[in-house]
Amino acid sequence: MRGEHFSLSAKEARRVYVMEQVLDGKLTIKLAAELLGLSERQVKRLKKGMKEKGVAALMHGNRGRTPKHTISEDIRDMVAALAQDLYRDASAQHISELLAEYQDIHISARSVRRILKERGVPNPHSRKQSRRRRKSRDRAPKPGMLVQMDASPFEWIEDRGPKCNLHGAIDDATGKILGLHFRPQEDLKGYLELLKYMITHYGIPRALYTDGHTIFFSPKKDKLTIEEELEGKQVALTQFGRVIDELGITHVHARSPQAKGRIERLWETLQSRLRVEMRLAGITTIEEANAFLPGFIERFNARFAVDPQDPEPAFLPRMTGRDLETIICIKEDRQAKCSVISYSGRKYKLVDQKGKLASLPPRAKVQVLIHLDDSIEAMYQEKLYSLCELEPVPAPKPVSAPAGKKPTGRKPNPNNPWLKFKIPPKHDDPVEQYFQKRNKRLSLILQQYQN
């Protein structure tokens, strides 16, 4: 029995030594139970087993067996290969989710992290030493009370398509994405598209939290027109500011990136997850990327959104149709002249719904509405009109002179009074004549003296 050799752990070696002392009669059952932390019944069972099988009776029954849940080498190789190719830049948690969705392989994020470490595959999302944590601002209590809005320039489509900016809005209370929209650059149209999507799907939020970009706040905010001062306005509004003012949304200026930390952290997550998933979907254009976003938003919110303190939403009722289109657009003021307005170098007449031309008083103030689809309309006295472009009047062609004859230009009227005007002759000045004669005499005298 003592001649058998096994690879034992420290715990198992201690148990063997105590049981050998029991078999030799040097320890009692009761004392052995206390030393091993077992019951006397278990010690008796171990003693009987050692008499029959030797030290092997103290070994676990699964020793030397491969566990049923062990990940095979083929799957380990596949995980390592995907992490370096299609799933590159994805976190271990995201890789675990993608394996379940696309390869029907269900392994935990911890197992993925262990496999990558064993195979020497670097992971940009490996855990680093945590920085000093700052106390974060408390979340808004209700959904829709505060929405953070921003844009992120990034190689979202990588080398398969153009560079673009992702405009996004996130609810402060739940962390739910309320809208995403791609544009070639950060611009007003991207934010208006985002605002329209959010209002049509969720409703009008009570407040928006943005940075100080000139799209949101005018750099000439201290300069107001007399009309704006009479209306009681205190700051000049940008086009975006005018839109949310008409919607009754409070605009809050974030003074630093840390102040809008929720959407800043959202960009870190999306730059990993969204980029990888668009790679798997084969996205190559901005149009395809925008069509991909609704399904991604639904999956993202189901995975990451949290429950608010108060489930009662604070959103105002949703708006759709023409009422929303007349607000979420670009508005430019024009002054009518002879019932005609000018816009972008062209002249237009206003036409009502019945096809009748509108007659405008002199200097009537008209608003031109440029919609998100680039169509234009006009609004006068809260009534919408379509625009009918007027054909430009061709300039008169210059009259060419007959061949072989030099053009003489315009012939003046013979009765023109300027033709009868004659410049009087110049009379000699007697004073000037005197000085000329004196200078002549002095020169003669000087010549005689020299001779």
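Shown above is the structure to which this text applies.
Residues numbered from 1 in each chain as written. Predicted model: local features only at pLDDT ≥ 70, side-chain atom pairs only at ≥ 80, totals over all residues. Heavy atoms only, no water.

Q: Would you mind showing me how to read the sheet that holds strand 5 (residues 250-253) here?
A: Whether parallel or antiparallel, the strands of a sheet pair through hydrogen bonds between backbone atoms. Spatially, five strands are ordered 3-2-1-4-5 in an open sheet, and the strand pairing comes out mixed. Either end of the sheet is taken by a strand with one partner, and the two such strands are strand 3 (177-183) and strand 5. When the angles between neighbouring strand axes are averaged without regard to direction, this sheet yields 20°. The pairing of strand 4 (residues 207-210) with strand 5 spans four bridges and is parallel. Within the sheet, the bridge partner assigned to leucine 208 lies in strand 5 and is histidine 251. Strand contacts of helix 7 (residues 188-201): strand 1 (147-154), strand 2 (164-171), strand 3 and strand 4, with the helix running at about 150° to strand 3, the strand carrying the most contacts. (Pairing = 2+ DSSP bridges. Helix = DSSP H or I, 4+ residues; strand = E, 2+ residues; numbered from the N terminus. Axes fitted to C-alpha atoms, helices over the stretch in contact; angles between N-to-C directions. Contact = heavy atoms within 4.5 Å.)

Q: Please clarify how unusual backbone geometry should be interpreted in this entry.
A: Trans is the common state for peptide bonds, and a negative phi is the common state for residues other than glycine. Unlike most non-glycine residues, aspartate 374 shows phi in positive territory, near 70°. Turning to its location among the elements, aspartate 374 is positioned in the loop between strand 9 (365-370) and strand 10 (376-380). A relative accessible area of 57% places aspartate 374 in the exposed class. Positive phi is not limited to glycine here, since glutamate 382 has a value of about 65°. Note on glutamate 382: relative accessible area 73%, which makes it exposed. (Buried < 20%, exposed > 50% of the residue type's maximum accessible area, 1.4 Å probe, protein only.)

Q: Could you clarify how one ought to interpret the side chain of arginine 242 in this entry?
A: Considering the arrangement of structural elements, one finds arginine 242 in helix 9 (residues 239-247). By relative accessible area, which is 13% here, arginine 242 ends up buried. Side-chain polar atoms of arginine 242 contact the side chain of glutamine 239, separated by 3.1 Å. What arginine 242 contacts, discounting residues up to four positions off in sequence, is Leu237, Ile327, Cys329, Ile330 and Lys331. (Polar contact = N/O pair within 3.5 Å; in protein donor to acceptor, adjacent residues only side chain to side chain.)

Q: Explain the environment of tyrosine 191 to me, please; I cannot follow it from the model alone.
A: Counting through the fold element by element, tyrosine 191 comes out in helix 7. For tyrosine 191, the residues in contact, after removing those within four places along its chain, are Met149, Asp150, Ala151, His167, Glu186, Ile215, Phe216 and Phe240.

Q: For this particular structure, what's the right way to read the pairing of strand 10?
A: Here is the key point about a regular strand: its side chains alternate between the two faces of the sheet. The buried fraction of strand 10 amounts to four of the five residues, a majority that puts the element mostly inside the structure. Here strand 9 pairs with strand 10 via four bridges, running antiparallel. Each bridged residue has a counterpart across the sheet, and for valine 368 the counterpart in strand 10 is alanine 378. Linking strand 9 to strand 10, which pair antiparallel, is a turn of five residues; within it aspartate 374 sits at a positive phi near 70°. With antiparallel pairing between neighbouring strands as the criterion, strand 10 and strand 11 (residues 383-389) make up a hairpin whose turn holds two residues, including glutamine 381 at a positive phi of roughly 55°.

Q: Where do I start with the pattern of salt bridges in this structure?
A: Throughout the structure, instances matching the rule amount to 22 salt bridges. Between glutamate 118 and arginine 76 there is a salt bridge, and its shortest N-O distance comes to 2.9 Å. Taken together, the positions of glutamate 118 in helix 6 (residues 109-118) and arginine 76 in helix 4 (residues 73-84) put the pair 42 residues apart, joining distant regions of the chain. With a closest N to O distance of 2.8 Å, aspartate 187 and arginine 183 form a salt bridge. When its relative accessible area of 12% is taken as the criterion, aspartate 187 is described as buried. Among the charged side chains, a salt-bridge network with shared partners connects Asp89, Glu158, Arg160, Arg275 and Arg279. (Salt bridge = Lys/Arg side-chain N within 4 Å of Asp/Glu carboxyl O.)

Q: Help me understand the sheet that holds strand 11, please; the structure alone is not making it clear to me.
A: The strand order 6-9-10-11-8-7 describes an open sheet built from six strands, whose pairing is antiparallel. Two strands bound the open sheet, and with one partner strand each, they are strand 6 (330-335) and strand 7 (340-343). Adjacent strand axes in the sheet meet at a mean angle of 40° when their direction is disregarded. Pairing of strand 10 with strand 11 involves three bridges; the strand directions are antiparallel. Looking at strand 11, one finds that alanine 378 is bridged to tyrosine 385.

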